[in-house]
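Summary of the model geometry
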Amino acid sequence: MEINVDIDVDFLWGNEHFIKNEWGKITYIVGPNGTGKTIVAEKLKEQFKKAQLKVRYFSAERLNNLGNKWDDHGYLQSDKLSNGLNIGNFSGYKSRADALGQSIDAIIELRNKMDLQIKIESILSDIFGKTLSFKETGGYLNVTMEDSGKVYDLKKDESHGLKEIITLLAFLYDDEYNCIILDEPELNLHPQFQQYILQEIKSMAGDPFQEQGKKMFVILTHSPYMLSIQNSDELKNLVVFHRHEVPTFIKEYEDMDEYQKLRLNKLLLRMNVNHKTLFFADKPIFVEGYIDQQFFNILQYKRAIPLGAEGISIIDVGGKDEIDIMYSLCRLLKINAFCIIDMDGLFEGKLRQSVDKISDTGTFMAQKGKDPLMKSIGNIDKLLNEEVEELLKSKNELLQGELKDFYDVLKAQSGDKANMMQKRIMFLGLHRIKTEISTLLSAEGNRKLLQIEGLSKDIFECFNSVNVYFLEKGEIENYYVTDIGNQYQIADKKKTDYYLQEFQKINEMDKAEIEEKYSKGQIRRPPIKFSAV
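Throughout what follows, the structure given in this document is the object of discussion. (Residues numbered from 1 in each chain as written. Predicted model: local features only at pLDDT ≥ 70, side-chain atom pairs only at ≥ 80, totals over all residues. Heavy atoms only, no water.)

1. Describing the overall build of the chain
In terms of regular secondary structure, the chain is built from 22 helices and 16 strands. Dimensions of the chain, computed from C-alpha atoms along their principal axes, come out at roughly 100 × 50 × 40 Å. In the chain, which comprises 533 residues, the proportion classed as buried is 53%. By sequence separation, contacts in the chain at least 24 residues apart represent 71% of the contacts at least 6 residues apart. Approximately 24300 Å² of the chain is accessible, and the part contributed by carbon and sulfur atoms is 46%. Here the chain contributes 70 positively and 83 negatively charged side chains, and the mean placements of these two sets differ by 1 Å. (Helix = DSSP H or I, 4+ residues; strand = E, 2+ residues; numbered from the N terminus. Buried < 20%, exposed > 50% of the residue type's maximum accessible area, 1.4 Å probe, protein only. Contact = heavy atoms within 4.5 Å. Areas by Shrake-Rupley, 256 points an atom, 1.4 Å probe, with all protein chains shown as cover. Lys, Arg positive; Asp, Glu negative; His and termini not counted. Charge placed at Lys NZ, Arg CZ, Asp CG, Glu CD.)

2. Structural notes on the environment of Ser313
Take Ser313: it is sitting in strand 14 (residues 312–316). The class of Ser313 is buried, set by a relative accessible area of 17%. A sequence separation of 115 residues divides Ser313 from Leu198, and the C-alpha atoms of the two residues are 24 Å apart. Sequence-distant contacts of Ser313, defined by excluding residues within four places in its chain, comprise Thr277, Ala281, Lys283, Pro284 and Ile285.

3. Structural notes on the pairing of strand 16 (residues 468–471)
Neither face of strand 16 is open: one carries Val468 and Phe470, the other Tyr469 and Leu471, and all of them are buried. Looking at chain direction, strand 15 (residues 338–342) and strand 16 are connected through four bridges and run parallel. The residue bridging Ile340 from the neighbouring strand is Tyr469, located in strand 16. (Pairing = 2+ DSSP bridges.)

4. A word on the sheet that holds strand 11 (residues 238–242)
Through backbone hydrogen bonds, the strands of a sheet pair up, either in parallel or in antiparallel fashion. Pairing within the open sheet is mixed, and its six strands lie in the order 4-9-10-3-11-12. Either end of the sheet is taken by a strand with one partner, and the two such strands are strand 4 (55–58) and strand 12 (245–248). Here the average twist between neighbouring strands, direction ignored, is 15°. Of the pairings in the sheet, the one linking strand 11 to strand 12 comprises two bridges and is antiparallel in character. Along strand 12, the bridge assignment pairs His242 with Glu245. (Axes fitted to C-alpha atoms, helices over the stretch in contact; angles between N-to-C directions.)

5. Examining the side chain of Glu502
Relative to the elements of secondary structure, Glu502 occurs in helix 21 (residues 495–508). The charged side chain of Glu502 is buried without a salt bridge, its nearest counter-charge being Lys505 at 8.4 Å. Not counting residues within four places of it along the chain, the set of residues in contact with Glu502 comprises Phe295, Tyr480, Val481, Thr482 and Tyr518. (Salt bridge = Lys/Arg side-chain N within 4 Å of Asp/Glu carboxyl O.)

6. Quick notes on the state of the cysteines
Enumeration over the complete set of coordinates arrives at zero disulfides. The thiol of Cys330 is not disulfide-bonded; the next cysteine sulfur, from Cys339, is found 8.0 Å away. The class for Cys330 is buried, based on a relative accessible area of 0%. (Disulfide = S-S within 2.5 Å.)

7. Comments concerning unusual backbone geometry
Residue His244 is not a glycine yet carries a positive backbone phi of 65°. Backbone geometry places Lys334, a non-glycine residue, at a positive phi of 60°. Structurally, Lys334 is set in the loop between helix 13 (320–333) and strand 15. Classification of Lys334 by relative accessible area gives exposed; the value is 58%.

If you want it as structure tokens, here you go:
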């Protein structure tokens, strides 16, 4: 739908304006507290009205008047509704509710519209086993509920959750408005009822200018249960608010080819509640798997670092390529995302290609006097091949300790992926036991080793400059203080057991021990407050 919106909030954005001309049948507004979402929602209400929409805005305080009080200053200051709704004041209640974004007039709509009342009563009966009754006494309207033969007052005795459902549904089904703006519809609702309300919204959503009986919705939410985006077109209807910056949204996918858009659509189809937290965090941090997520979370907990208060959410996505599309999505929306990935992500996967396309990384490498990022990675790849070839030609039968572990695994590689695995092992070894490996190399081999070291330092810093961090010990298990055997070949089937062993050890430590045990082998220039591991 084409609706021209131009909003300024000078104390948040200075001279910049939020301008959006295309709107979907459901627009989701997300972002941290204090970023201006409610202010913009109230301004949207006025601009939508100018576009000839019949708009109803509901604030986060919409139930105040259903808890024995109205507003503290204004139209009904002396009327706390102790006797019920004054039937003679219905028009005043409605105009005041509309002005304040409150929902008490839902009761009036239900009382006056029998078809609406019947529909809501049917839902209450089917889902909750409760019935709704309207009582008019001495010029006042009250609503009672009946549950298992017990009758009680809706306003005084019913839960906030059920009041929320009754009032939201009343306006969803009522035909008086064709544009509904909801500030935090998830308030007071169990996650399953958040999903129920969202499904009802989706069933009613449409283009009110073209489709009879359909409504346009704007949802301001902090809940991943209230967010349903299933393809790249729907993603254009997501607006992300930031601290002291104009809200962002996707207009076009100009930097994505068809293959990348296909990957994005596949991702959106399978995004779960955990993945959706990326839209609500100041700083989402993407990791490859659930073990990485659990390990980072427990370490920060034991170190008394409140990740939530820092706006940080650690999200496991299930692989390097999944991290790539999540990271690319965040860049489109200007969300300040971070990635922490295994060392092998330097040599395979699509994240490195996405980072290479960022103009800042080209500038960074040029300032270092190096080739562009992907070409520099190719240069390291070539040098590693040569180092592996030299080592495999030599006879080293009296090695001990980690150097022996490294060399045995290097020699043992076979099959189609042998060369790729050997390069990864070589690169990891150079970051762990460079001095020991140098004793096995010729003078030329050691010269190449220094080349690899200098080039990899610049490459890592380039990735870090755009918030991508590598586990320089290879994989998360190599940071454990408990024994995992040969660290150059970690069996996937044992990783859960290794983590459970490490988890138990971490829980036995106090904060000082955590700082001491995990202070070595840090991620290069670790993001935010990740000063350990």
